[in-house]
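One-letter residues, chain by chain:
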Amino acid sequence: MFKRIITLFSLALFALAPFGAARAQQGQRLNLIRDAEIENNIRALTVPIWRAAGLDPNAIEIMIVQDNSLNAFVAGGQRIFINTGLIMRTETPNQLIGVMAHESGHIAGGHLARMQEELRNLTTLQILEAILGAGAMAGGAVSGSGVGRGSTTNAGGPRAPGSLMAFLHYTQTQESAADQAAMSYLQRTGQSPKGTIEFLKTLQREERMQIARRDPYLTTHPLTPERISAFEQAAAQSPYVNTQDTQQNLNMHHRMVAKLMGFISPETALAKFSEADPSVPARYARAIAWYRKGALGSALLSIDRLIKEAPNDPYFHEVRGQMLYENGRSAEAVISYRKAAQLLPSSGLIKIDFARALLATNNSDNDREAVRNLELASQQEPDSFDLWRMMAEGYSKLNNPGMTSLARAEMAALRGNKSEAATHADAATRQLPANTPAWQRAQDLKAYINTRPKGGR
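Conventions we followed
- Residues numbered from 1 in each chain as written.
- Predicted model: local features only at pLDDT ≥ 70, side-chain atom pairs only at ≥ 80, totals over all residues.
- Heavy atoms only, no water.
- Helix = DSSP H or I, 4+ residues; strand = E, 2+ residues; numbered from the N terminus.
- Buried < 20%, exposed > 50% of the residue type's maximum accessible area, 1.4 Å probe, protein only.
- Areas by Shrake-Rupley, 256 points an atom, 1.4 Å probe, with all protein chains shown as cover.
- Salt bridge = Lys/Arg side-chain N within 4 Å of Asp/Glu carboxyl O.
- Core = buried A, V, L, I, M, F, W, Y, C linked by side-chain atoms within 4.5 Å.
- Contact = heavy atoms within 4.5 Å.

A.B. asks: Break down the overall build of the protein chain for me, citing the residues and quoting the values.
C.D. replies: For the protein chain, the count of helices and strands is 21 helices and seven strands. The buried share of the protein chain, taken over its 457 residues, is 53%. On the protein chain, roughly 20200 Å² of surface is accessible, and the fraction owed to carbon and sulfur atoms is 50%.

A.B. asks: So what about the pattern of salt bridges? Which residues, and what values?
C.D. replies: Scanning all chains against the criterion turns up 26 salt bridges. For Arg-89, the salt bridge identified is with Glu-206, shortest N-O distance 2.9 Å. With Arg-89 in helix α3 (residues 84–89) and Glu-206 in helix α8 (residues 194–209), the pair connects residues that are 117 residues apart, well separated along the chain. Glu-206 gets classed as partly exposed once you look at its relative accessible area, which sits at 24%. Among the ionic pairs, Lys-293 bridges to Glu-267, the shortest N-O distance being 2.5 Å. With Lys-293 in the loop between α12 (280–292) and α13 (296–309) and Glu-267 in helix α11 (residues 266–272), this pair connects stretches of sequence that are 26 residues apart. By relative accessible area, which is 43% here, Lys-293 ends up partly exposed. The exposed category is assigned to Glu-267, whose relative accessible area is 52%. Here the salt bridges share partners, and the residues they tie into one network are Asp-353, Arg-356, Asp-367, Asp-386, Arg-389, Glu-393 and Lys-397.

A.B. asks: Could you give me a rundown of the nonpolar core, with the residues and numbers involved?
C.D. replies: Tyr-284, Ile-303, Met-323, Met-391 and Leu-406 are the most contacted members of the largest nonpolar core, which has 54 residues in total. Considering each element in turn, this core owes the most residues, eight residues, to helix α16 (residues 348–360). Once residues lying within four places of it in the same chain are set aside, the contact partners of Met-391 are Val-371, Leu-374, Glu-375 and Ala-407. Residues Leu-86, Ala-101, Leu-203 and Ala-234 belong to the second largest nonpolar core, which totals 51 residues.

Any link to function would need more than the numbers given here.
Have a look at this one:
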């Protein structure tokens, strides 16, 4: 499994998947994968869409959810959550771009803010009653792969609350608006609607397998045939209907899918990407799959060949570093991570992994280099708990109690532990030289903690 997996409990999200949010409130886990290559590739594919939508690409976060279902949704501001299952089921970059265009339509349309208005009239209890009583489970913002076992019209069976039905009608309206926006963005960026139609047909096949359990009244989406029809009408009028994906986009998409499959399902990857396939994505998938299965020698041999052919590819060096680090070869991993960080200095995630390997060598010079990389990474990844944990470890090794306390205060604040954060921030203000940037950050943390609503830990 990816080593950069973050498990979130009890998410406080106003998602465009209301039942997904309700499930989280019941304690379901949401596993988020952090991977620089996959996140950067999705961003590269979607930046034209965001610009067409009038959105700032730098303000949007891509969150990859380790889940095999066909699902994506928007939540927590300008964050697009997309399942690994959905990414791996897309066959072309144009299909994935269509999904992202739909989600971007939600953000550009301000649907999250409007949904919070609607949620004021819908209690969590009502949502839970619908799920537990009617057995309904509505899908995420793109998939529409909801499953409902009850009926809203069966007099003898459980009924969804009237306010819930009004809310679902409201979200159906927003889903249609997001589809219309997606069509507009594809048109403005000179891209074909065909990929979206193809993906919706994949989704339709999934729905037909569940038709006996599906309740069309308990879904946040228009039914998929209606969505397909709408996109087919747009395709009939689009001058870009036969526009093909660029080779660059195809390369990014194929590598992304191969990488995910190698990590998440190595047996499937080795079956799909056989030795007879000499393409870069296939060799990449096999290298990762072998590493996941414990065949480190074969994995390193394969990734080294890829590096020989593309010595300036940062992601090949990063994966090599991960293979070595996770097999207890930290000193060797440092060499690969350093090269990856040099080739892609804009990546905070690579710097964090580089620092992790440096700290594992138990060398004071490496500890200092680790802290330097973490300080740089904090500009891009300020909400990374892992970063602040390693920062505290690094500064502790360097006998810097003030910065250690500050890093621990950041950790506690991210966890929502106000009392612990305040304790460490107080310690940092006493230990750090007054009026320095670090001392001011400790003061800012204390002020932030004091302004948070009461009731936190």
